[in-house]
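Residues per chain, in single letters:
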Amino acid sequence: MKIIKSIPLMQSISNKAHKPVGLVPTMGSIHEGHIKLINASKKQNTTTIVTLFVNPAQFAENEDFHTYPRNFQKDKKLLSDLGVDILFAPETSQMYPSGFQTSVINDRLSSVLEGEKRPGHFRGVSTIVSKLLNITKPNNAYFGQKDFQQLLIINKLNNDLNHGVKIVSIPTVREKDGLALSSRNIHLNQSERKTANKIYASLKHAESLYLNGEVNSDSIIYAIQTYLLKESLIKIEYISIRDKFTFEDVSTVMPGSIILIAVSIGKTRLIDNLII
Ligand code: PAF
């Protein structure tokens, strides 16, 4: 596995890489969720590039940039064992040199849910993803469905800015008890971890209500709320039911609706979703 830190070198290697090229952007702390993306890329491409960059621009001042889990040596070994061809791991000064002043902003999808709770987050994500697409020039780029709003925004920027990449979305990978894999899960202490499976359980509860005939969004949201309020460690940030294509709120749940949840448990913020 080649490890590249310089943008010009990465660009010249990308130009010569055997096509098709698959890109898996990550912030490191590689887990099974990333591994699923990497395996999909390896199956569908001749060259797989993984990027590892903890992007400061997508964390607000009060967020966990400094405590975000980092383990470069362990990640490097794992990625090499997985058969990744190229690891692009630039320094912050490469990605954001002094004088950097251009951003990619999505006005609409970024204004709700995660965008509302984390001002500036999607501007940081959109800017870095756009840069990574320009630097690595992939044919296919792989993202997980756990960050569903991010996935929609990346699809939009890819179309709106004519990157011409195929965005491939991969279903969320879960622990045995249903908790969606996330690098942040390691911050949960034992009792928080035990409670965290209630997030997915509440989504499955909502799904069973729907399968038993309940289609009113407000009633389903209320049922999820009631379910989660029994857990004293869980603080609900939002519960929302939207159309998975337009991301508009829906009043009647139907196939193609998506239930999205954000909660905090102790100091850890977790998101999850379920597509009907
Ligand atoms: O989902 C992530 O890990 C990040 O938001 C991404 C897409 C790698 C951009 O920094």
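This text follows the structure it describes.
Parameters at a glance
- Residues numbered from 1 in each chain as written.
- Predicted model: local features only at pLDDT ≥ 70, side-chain atom pairs only at ≥ 80, totals over all residues.
- Heavy atoms only, no water.
- Core = buried A, V, L, I, M, F, W, Y, C linked by side-chain atoms within 4.5 Å.
- Buried < 20%, exposed > 50% of the residue type's maximum accessible area, 1.4 Å probe, protein only.
- Helix = DSSP H or I, 4+ residues; strand = E, 2+ residues; numbered from the N terminus.
- Contact = heavy atoms within 4.5 Å.
- Pairing = 2+ DSSP bridges.
- Axes fitted to C-alpha atoms, helices over the stretch in contact; angles between N-to-C directions.

Chemist: Can you help me understand the nonpolar core in this one?
Modeler: Most often, soluble globular proteins have nonpolar side chains that are buried together. Met-10, Phe-88 and Met-95 are the most contacted members of the largest nonpolar core, which totals 38 residues. Of all the secondary-structure elements, those providing two or more residues to this core are helix H1 (7-16), strand E2 (21-26), strand E4 (86-88), helix H6 (121-136), strand E5 (140-144), helix H7 (148-160) and strand E8 (257-265). For this core, the element with the most residues is H6, which contributes 7 residues. Setting aside residues up to four positions removed in sequence, Met-10 forms contacts with Ile-4, Ile-49, Ile-86, Phe-88, Ile-135 and Thr-136. Counting 24 residues, the second largest nonpolar core, distinct from the first, contains Ala-196, Ala-206, Ile-265 and Leu-274.

Chemist: When you look at the sheet that holds E8 in this model, what are you seeing that I'm missing?
Modeler: Across a sheet, paired strands are connected by hydrogen bonds in the backbone, their directions being either parallel or antiparallel. Pairing within the open sheet is antiparallel, and its 3 strands lie in the order E7-E8-E9. Among the strands making up the open sheet, the edge pair consists of strand E7 (234-243) and strand E9 (268-275). In this sheet, adjacent strand axes meet at a mean angle of 15 degrees when their direction is disregarded. Inspection of the sheet shows E8 paired to E9 by 8 bridges, in the antiparallel sense. Bridge assignment links Ala-262 to a residue of E9, and that residue is Ile-271. In the packing of helix H9 (residues 217-229) onto the sheet, contacts are made with E7 and E8, and the angle to E7 comes to roughly 160 degrees.

Chemist: How should I be thinking about unusual backbone geometry in this particular structure?
Modeler: Most of the time, phi is negative for any residue but glycine, and the peptide bond is trans. Omega for the peptide link from Lys-19 to Pro-20 comes to -5 degrees, which places this bond in the cis form. For Pro-20, the position within the fold is in the loop between H1 and E2. With a phi close to 45 degrees, Lys-137 is a non-glycine residue in the positive phi region. Structurally, Lys-137 can be placed in the loop between H6 and E5. A relative accessible area of 32% places Lys-137 in the partly exposed class.

Chemist: Would you explain the sheet that holds E5 in this entry?
Modeler: Taken in spatial order, the 6 strands make up an open sheet running E1-E4-E3-E2-E5-E6, and their pairing is parallel. Looking at strand neighbours, the two that pair on one side only are strand E1 (2-4) and strand E6 (166-170), the edges of this open sheet. Neighbour-to-neighbour, the strand axes of the sheet open up by a mean angle of 25 degrees, direction not taken into account. Inspection of the sheet shows E2 paired to E5 by 2 bridges, in the parallel sense. Paired with Gly-22 across the two strands is Asn-140, which belongs to E5. Each of E2, strand E3 (47-52), E5 and E6 touches helix H2 (residues 32-44); the most contacted strand, E5, lies at about 155 degrees to it.

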